[in-house]
Every structure is written in C-alpha cells, then in structure tokens.
Amino acid sequence: MGAGSLYGAINTLNEKHWIEPYGSDAMRKKEYIITPLGKEIAEAEGKRLSEVLAIATQIMEGALS
C-alpha cells in the first residue's frame, strides 16, 4: 500500500469518527485508537464477511459434489 493510500484511508476513518488521534501531538509519529463507533462498525463488518465466507463455502462444496 502506498503512503498516499494509507494516509487517505486514515483520514477517511478519522472523518467517519471510527478512529481518533491518541497520545501526544509533540511526537512525530502519529498514533490512532479505534472509537466505540469504529469497534461497532468493525465487528459488524467481521460478521458480514463471515457470513459471505460461509455462503461461498456452501456454494463451493455444492459445486464440487
């Protein structure tokens, strides 16, 4: 992933309030922490992806039988 893509993703997550800056701004290295909303979104997306994987597995098992 290029630096521009990474910083763009960080900015988007920050704008959506899914992450927020963490720690001192005096340091050159920026750190972020997931917000409660971000955690809720990540958990929902994890569940959605698990469901997609389960469906794909069922389809593949049916196709191979």
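Residues numbered from 1 in each chain as written. Predicted model: local features only at pLDDT ≥ 70, side-chain atom pairs only at ≥ 80, totals over all residues. Heavy atoms only, no water.

(A) Just the overall build of the chain, in detail. From N to C terminus, the chain includes two helices and two strands. The globule rule puts the C-alpha radius of gyration for 65 residues at 11 Å, and the 18 Å found for the chain is more than 25% above it. Summarising its shape, the C-alpha atoms of the chain cover approximately 60 × 30 × 15 Å along the three principal directions. By the burial criterion, 6% of the 65 residues in the chain qualify as buried. Entry remark: accessible area of the chain is about 5700 Å², with carbon and sulfur atoms responsible for 60%. Seen as two clouds, the 7 positive and the 9 negative side-chain charges of the chain have centres 6 Å apart. (Helix = DSSP H or I, 4+ residues; strand = E, 2+ residues; numbered from the N terminus. Rg over C-alpha atoms; globule rule 2.2 N^0.38 Å. Buried < 20%, exposed > 50% of the residue type's maximum accessible area, 1.4 Å probe, protein only. Areas by Shrake-Rupley, 256 points an atom, 1.4 Å probe, with all protein chains shown as cover. Lys, Arg positive; Asp, Glu negative; His and termini not counted. Charge placed at Lys NZ, Arg CZ, Asp CG, Glu CD.)

(B) Quick look at the pattern of salt bridges. Throughout the structure, instances matching the rule amount to two salt bridges. Here E31 makes a salt bridge to K29, at a shortest N to O gap of 3.5 Å. On the accessibility criterion, K29 (52% relative accessible area) is exposed. As a salt-bridge pair, R48 and E45 come within 2.7 Å of each other at their nearest N and O atoms. In this pair, R48 and E45 both sit in helix α2 (residues 36-64), three residues apart, roughly one turn of the helix. On the basis of relative accessibility, which here comes to 41%, the residue R48 falls in the partly exposed class. Classification of E45 as partly exposed rests on a relative accessible area of 33%. (Salt bridge = Lys/Arg side-chain N within 4 Å of Asp/Glu carboxyl O.)

(C) Inspection of the side chain of T35 at higher detail. Relative to the assigned elements, T35 resides in the loop between β2 (31-34) and α2. T35 has contacts with H17, W18, I19 and E20, leaving out every residue within four places of it along the chain. (Contact = heavy atoms within 4.5 Å.)

(D) Up close: helix α1 (residues 3-15). Here α1 spans 18 Å end to end across 13 residues, near enough to the 18 Å set by a 1.5 Å rise per residue. A positive backbone phi angle near 65° is found at H17, which sits one or two residues after α1. (Expected span 1.5 Å × (residues − 1).)

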